[in-house]
Amino acid sequence: MTGAPCWVSLMARSLDGAADFYGPLLGWRFVTGPEPWGRYLRAFAGDREVAGVGEVARDWEYPVTWTTYFGTENANDTAASISERGGTVAVGPLEFEAGRIALVADPAGAAFGIWEATGSAGSGLRSGVASVWTELRTRDAFDAAIFYGNVFDWDGRDPARYEVRWEYDHVVLHVDGRSVAALHGGGTEGAVDPRVRPRWHVFFPVPDVDEAVREAEKLGGELMDEPRDSLHGRTAGLRDPDGALFSVISASG
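Scope of this entry: the structure provided in the associated data block. What you are looking at is a predicted structure, and each value in this text was computed from that prediction instead of being measured. (Residues numbered from 1 in each chain as written. Predicted model: local features only at pLDDT ≥ 70, side-chain atom pairs only at ≥ 80, totals over all residues. Heavy atoms only, no water.)

**So, the pairing of strand β14 (residues 222-230)**
Next up, step 1: One ladder, built from six bridges, connects β14 with strand β15 (residues 233-239); its direction is antiparallel. Opposite S230, over in β15, you have G233 as the bridge partner.
Next up, step 2: Between β14 and β15, which pair antiparallel and follow one another directly, the connecting turn spans two residues. (Pairing = 2+ DSSP bridges. Helix = DSSP H or I, 4+ residues; strand = E, 2+ residues; numbered from the N terminus.)

This is the structure we're talking about:
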């Protein structure tokens, strides 16, 4: 699924602590993954690989955060396109056993990753995105859509597969008939606070949002946004014990 979100990963202070929080909360199980740059866990929901968790040194001044990765055919070309359009390439592209990745940011400062998958890695990336919804919270959704659309060539791809729509104050990317990401710049629903730095925000599905909030608080998490019903389902914003922000969503409400 090139040109679209393909993966999410968390850089945590403690792998064990992250597993103890997200495992009970989201029903995930964890398997030790490849360690090109340190310890790493692969998270599964049932048989589907949905996320990765890495460990950052405790003495590093590095924010604990979820990172959204976009698939690309060529990491070098995409990194160059990001720089040419006012974005920042912070790390990479770097090679590892599943391809090549880079950590980057758009012109507004929202960080994300790019991933050029190789070999059998592509099937894992395609499966992971189905269990996560990701949304860019920024100041100008239209400027952001122009940037991401040019970088990932949304308009140049097969129109039978890729479509960008304006829906409920969001610019939404659809791939193969399914919405895979949204870009939100404020509006009537969930307006973006202008004091908040633009960022990609992940949503994880749960059977019951209110129960998930209670469980998160028991596990040491913090409620950031009260549960509410939205056009996309019932949602709530949370922060894990290390400070990483995310949301839970339940279509059934």
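Read on, since the account is not over.
**Focus: the pattern of salt bridges**
Next up, step 1: All chains considered together, the criterion is met by 12 salt bridges.
Next up, step 2: The salt bridge partner of D210 is R234, with a shortest N-O separation of 2.7 Å. Note that D210 is positioned in helix α5 (residues 209-218) and R234 in strand β15, a separation of 24 residues in sequence.
Next up, step 3: Sharing partners across several salt bridges, the network here consists of D16, R39 and E55. (Salt bridge = Lys/Arg side-chain N within 4 Å of Asp/Glu carboxyl O.)

**Section: the pairing of strand β1 (residues 5-12)**
Next up, step 1: Most of β1 is tucked away: seven of the eight residues are buried.
Next up, step 2: The sheet contact formed by β1 and strand β5 (residues 66-71) spans five bridges and is antiparallel. By the bridge assignment, P5 is partnered in β5 with F70.
Next up, step 3: Relative to strand β4 (residues 48-55), β1 runs parallel, the two being bridged by four bridges. Of the residues in β4, the one forming a bridge with L10 is V53. (Buried < 20%, exposed > 50% of the residue type's maximum accessible area, 1.4 Å probe, protein only.)

**Quick word on the packing of helix α1 (residues 15-26) against α5**
Next up, step 1: At their nearest, the axes of α1 and α5 sit 10 Å apart, and the two run at 155° to each other. Considering their axes alone, α1 and α5 lie roughly antiparallel with respect to each other. At the point where α1 passes α5, the crossing takes the right-handed sense. Each of F21, P24 and L25 in α1 lies in contact with α5, whose residues at this interface are A212, E215 and A216. (Axes fitted to C-alpha atoms, helices over the stretch in contact; angles between N-to-C directions. Parallel < 35°, antiparallel > 145°, perpendicular 65-115°, else oblique. Left-handed = near helix turned anticlockwise from the far one by under 90°. Contact = heavy atoms within 4.5 Å.)

**Some points on the nonpolar core**
Next up, step 1: Counting 31 residues, the largest nonpolar core has L10, Y22, W28, W66, F204, F246 and V248 as its most contacted members.
Next up, step 2: Looking at this core, the elements that each hand over two or more residues are β1, α1, β3 (40-45), β4, β13 (199-205), α5, β15 and β16 (245-250).
Next up, step 3: By size, the runner-up hydrophobic cluster in this structure holds 27 residues, among which are A110, I114, F147 and Y162. (Core = buried A, V, L, I, M, F, W, Y, C linked by side-chain atoms within 4.5 Å.)

**Section: the packing of helix α2 (residues 75-84) against helix α4 (residues 141-152)**
Next up, step 1: Interhelical geometry of α2 versus α4 gives an angle of 150° and a closest axis separation of 9 Å. Comparing the axis directions of α2 and α4 gives the class roughly antiparallel. The handedness of the crossing between α2 and α4 comes out as right-handed. In this structure, α2 contributes T78, S81 and I82 to the contact, and α4 contributes F147, N150, V151 and F152.
Next up, step 2: Residue classes in the contact of α2 with α4 are distributed as four nonpolar, three polar and no charged. (Nonpolar A, V, L, I, M, F, W, Y, C, P; charged D, E, K, R; others polar.)

**Quick word on α5**
Next up, step 1: Looking only at α5, the buried set comprises V209, A212, V213 and A216. Along α5, the residues classed as buried sweep out an arc of 105° about the axis, all on the same side.
Next up, step 2: Looking at the packing, one finds that the buried side of α5 touches α1, β14, β15 and β16.
Next up, step 3: At the N-terminal end of α5, a side-chain oxygen is found 3.0 Å from the backbone nitrogen of D210, two or three residues along, and the residue is D208.
Next up, step 4: One or two steps after α5, the chain reaches G220, where phi turns positive at roughly 100°. (Arc of directions from axis to C-beta. Polar contact = N/O pair within 3.5 Å; in protein donor to acceptor, adjacent residues only side chain to side chain.)

Read these as layout, nothing more, since geometry by itself doesn't imply function.
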